[in-house]
Amino acid sequence: MSIYSPRPNIGNIIPKIKKPSLNNGGISDLITSSLGIVVILILIFAIAIVAINYFVNLTESNAIGVRWKNNPLDLTKDPKNNAELILTLINNSKDTKNLELIVDTKSNELIIYCPTKSFENVEAGNYREVSCIVRRDPNRNIYSGEYSIQIKTNLSDTKTILKVIAN
């Protein structure tokens, strides 16, 4: 194709849009199309509201961040090894400024020590971080497996698992 050849007819490339005619059921087609568009917009709006509520509730319920060092806890080489549970406590409340922490397990084989259990003057949206030491009770036998640990604050609660590898 040279620069002097005839131009292609753009009218054949672009689809033609017809206006609905008011006779032969055209008005009913227009109403059906309009209702279809309205229903689609309502569905999109409803899905957006559900998604926003889900993420807001997810953020509010996760006021506790959990990280581990030395998990799984391998006691096969040194039975005095310990794990470190690092907790991030997020104040997601507008009313409360003081955070209270309780870390507990129903297992008698573990000892959990958190140096700080009360945090004062934590403004809304701010956080505090605390490291807890988790070790085995030397007076009890411990077995390989998973041990559940409950973490509670006055704003939220969660659970975590410590995996232990023992003889």
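Every chain is numbered on its own, with residues counted from 1 as its sequence reads. It should be noted that, the model being predicted, local features are given only for residues of pLDDT at least 70 and side-chain atom pairs only at 80 or more, the latter also being counted only at that level, while totals for whole chains, interfaces and linings use all residues. Water and hydrogen atoms were dropped before computing side-chain values, which therefore reflect all heavy atoms in the structure.

(A) Molecular detail of the environment of Leu 155. Only DSSP runs of H or I covering at least 4 residues are called helices, and only runs of E covering at least 2 are called strands; the numbering of each starts at the N terminus. By the element assignment, Leu 155 lies in the loop between β8 (145–153) and β9 (157–165). Sequence separation between Leu 155 and Asn 98 is 57 residues; the distance between their C-alpha atoms is 9.8 Å. Not counting chain neighbours up to four residues away, the residues in contact with Leu 155 comprise Ile 90, Asn 91, Asn 92, Ser 93, Thr 96 and Leu 99. In what follows, a contact means two residues having at least one pair of non-hydrogen atoms within 4.5 Å.

(B) Representation of unusual backbone geometry within the structure. Pro 72 follows Asn 71 through a cis peptide bond whose omega is 20°. Within the fold, Pro 72 resides in the loop between β1 (64–69) and β2 (73–74). At Asn 70, a residue that is not glycine, the phi angle is positive and equals roughly 70°. Mapped onto the elements, Asn 70 comes out in the loop between β1 and β2. One non-glycine residue, Asn 121, adopts positive backbone phi at about 55°. Relative to the helices and strands, Asn 121 resides in the loop between β6 (118–119) and β7 (127–136).

(C) Focus on the pattern of salt bridges. Throughout this description, the term salt bridge denotes a Lys or Arg side-chain nitrogen within 4 Å of a carboxyl oxygen of Asp or Glu. Going through the model one piece at a time under the given rule, you end up with two salt bridges. For Arg 67, the salt bridge is made with Glu 129, and the minimal N-O distance between the two is 3.8 Å. Taken together, the residues Arg 67 in strand β1 and Glu 129 in strand β7 connect sequence positions 62 residues apart. Each residue's exposure class comes from its accessible area (1.4 Å probe, protein chains only) as a fraction of the maximum for that residue type: buried when under 20%, exposed when over 50%, partly exposed otherwise. Since its relative accessible area comes to 46%, Arg 67 is described here as partly exposed. The partly exposed category is assigned to Glu 129, whose relative accessible area is 46%. The salt bridge involving Asp 137 is made with Arg 140; its shortest N-O contact spans 3.8 Å. Under the relative-accessibility criterion, Asp 137 is labelled buried at 14%. The class of Arg 140 is partly exposed, set by a relative accessible area of 40%.

(D) Representation of the nonpolar core. Residues enter a nonpolar core if they are buried and are Ala, Val, Leu, Ile, Met, Phe, Trp, Tyr or Cys, with the set joined through side-chain atoms within 4.5 Å. In this structure, Leu 85, Leu 87, Val 103, Ile 151 and Leu 162 are the most contacted members of the largest nonpolar core, which totals 24 residues. For this core, the elements supplying multiple residues, two or more each, are β3 (82–90), β4 (99–104), β7, β8 and β9. Leaving out residues up to four positions away in the same chain, Val 103 has contacts with Leu 85, Leu 87, Ile 112, Cys 114, Cys 132, Ile 149, Gln 150 and Ile 151.

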